[in-house]
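# Observations on the model geometry
Residues per chain are reported as follows:
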Amino acid sequence: MKYVDNIELALVGKEIIVNQINFRESICKPCQELYDNGYIDTTKPMILGNVLGSVRFSNYLPEEEVGEIIMRLRQYYDVHYTEATYYVDKQMLYFNFAEDNSAIVRVFPLEDYYKLDPDNKMETYRFGILYINEDGSMSSF
């Protein structure tokens with residue numbers, strides 16, 4: 001219980017269910033700051049073609065930091081980059097990804113939409129996608 005501040009319970013019929021778990025601010029606030037600063041990623045389910053999988057989503061990072069990440073990854077992997085359009089109302093990400101033997105490493109917004117569009121009023125967002133050859137081998141750049 002050192003991470004939990006309190007737990008809200010409810011009686012439904014003869015069963016007690018958990019309504020909400022409130023975590024301590026001393027745990028949540030540092031985790032949220034790490035996420036907001038781009039140090040923690042989340043995985044989200046995504047359908048690619050006809051296959052359901054999960055993809056790592058990052059928070060916004062400035063272009064210079066993304067460039068540094070790509071250069072570090074290129075020391076070990078054949079890293080590629082493409083851009084995608086996210087339609088906010090449909091909650092769908094559209095991009096042209098027809099390369100065989102490749103795997104998406106990370107998806108990230110190209111602008112800080114938390115600040116730019118806090119109420120989700122924009123129609124589309126732009127995302128960057130990093131992907132590698134699935135076998136992990138290097139090829140000529």
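Everything below is about the structure printed above this text.
In this text, all values refer to a predicted model and were calculated from it rather than measured experimentally.

### Let's talk about a nonpolar patch on the surface
- A grouping of Tyr3, Ile7, Leu9, Leu11, Ile16, Val18, Ile21 and Phe23 is seen on the molecular surface, where their side chains present a nonpolar patch of about 830 Å² in accessible area.
- Counting only elements with at least two residues in the nonpolar patch, the list comes to strand 1 (4–12) and strand 2 (15–23).
- The dominant element in the nonpolar patch, judged by the number of residues it contributes, is strand 2, at 4 residues.
- In this fold, Ile16 is placed in strand 2.

### Here's the deal with the nonpolar core
- Among the nonpolar cores identified, the biggest contains 13 residues, and Val55, Phe57, Leu93, Ile104, Val107 and Phe127 are the most heavily contacted of them.
- If you list the elements that add at least two residues to this core, you get strand 4 (51–57), strand 7 (102–109) and strand 8 (124–133).
- Ranked by residues supplied to this core, first place goes to strand 8 with 4 residues.
- Phe127 has contacts with Phe57, Thr82, Glu83, Ala84, Tyr86, Leu93, Val107, Phe108, Pro109 and Leu110, leaving out every residue within four places of it along the chain.
- Counting 8 residues, the second-largest nonpolar core is a separate cluster that includes Leu61, Ile70, Val79 and Leu110.

### Thoughts on the pattern of salt bridges
- According to the stated counting rule, one finds 5 salt bridges in the structure shown.
- Across the pair Arg24 and Asp5 runs a salt bridge whose closest N-O atoms are separated by 4.0 Å. Note that Arg24 is positioned in the loop between strand 2 and helix 1 (25–36) and Asp5 in strand 1, a separation of 19 residues in sequence.
- Judged by relative accessible area, Arg24 falls into the partly exposed class, the value being 32%.

Conventions adopted
- Residues numbered from 1 in each chain as written.
- Predicted model: local features only at pLDDT ≥ 70, side-chain atom pairs only at ≥ 80, totals over all residues.
- Heavy atoms only, no water.
- Patch = residues over 30% accessible without salt bridge, like charges linked within 9 Å, V, L, I, M, F, W, Y side chains within 5 Å.
- Areas by Shrake-Rupley, 256 points an atom, 1.4 Å probe, with all protein chains shown as cover.
- Salt bridge = Lys/Arg side-chain N within 4 Å of Asp/Glu carboxyl O.
- Helix = DSSP H or I, 4+ residues; strand = E, 2+ residues; numbered from the N terminus.
- Core = buried A, V, L, I, M, F, W, Y, C linked by side-chain atoms within 4.5 Å.
- Buried < 20%, exposed > 50% of the residue type's maximum accessible area, 1.4 Å probe, protein only.
- Contact = heavy atoms within 4.5 Å.

Any functional reading would require information that these geometric values do not contain.
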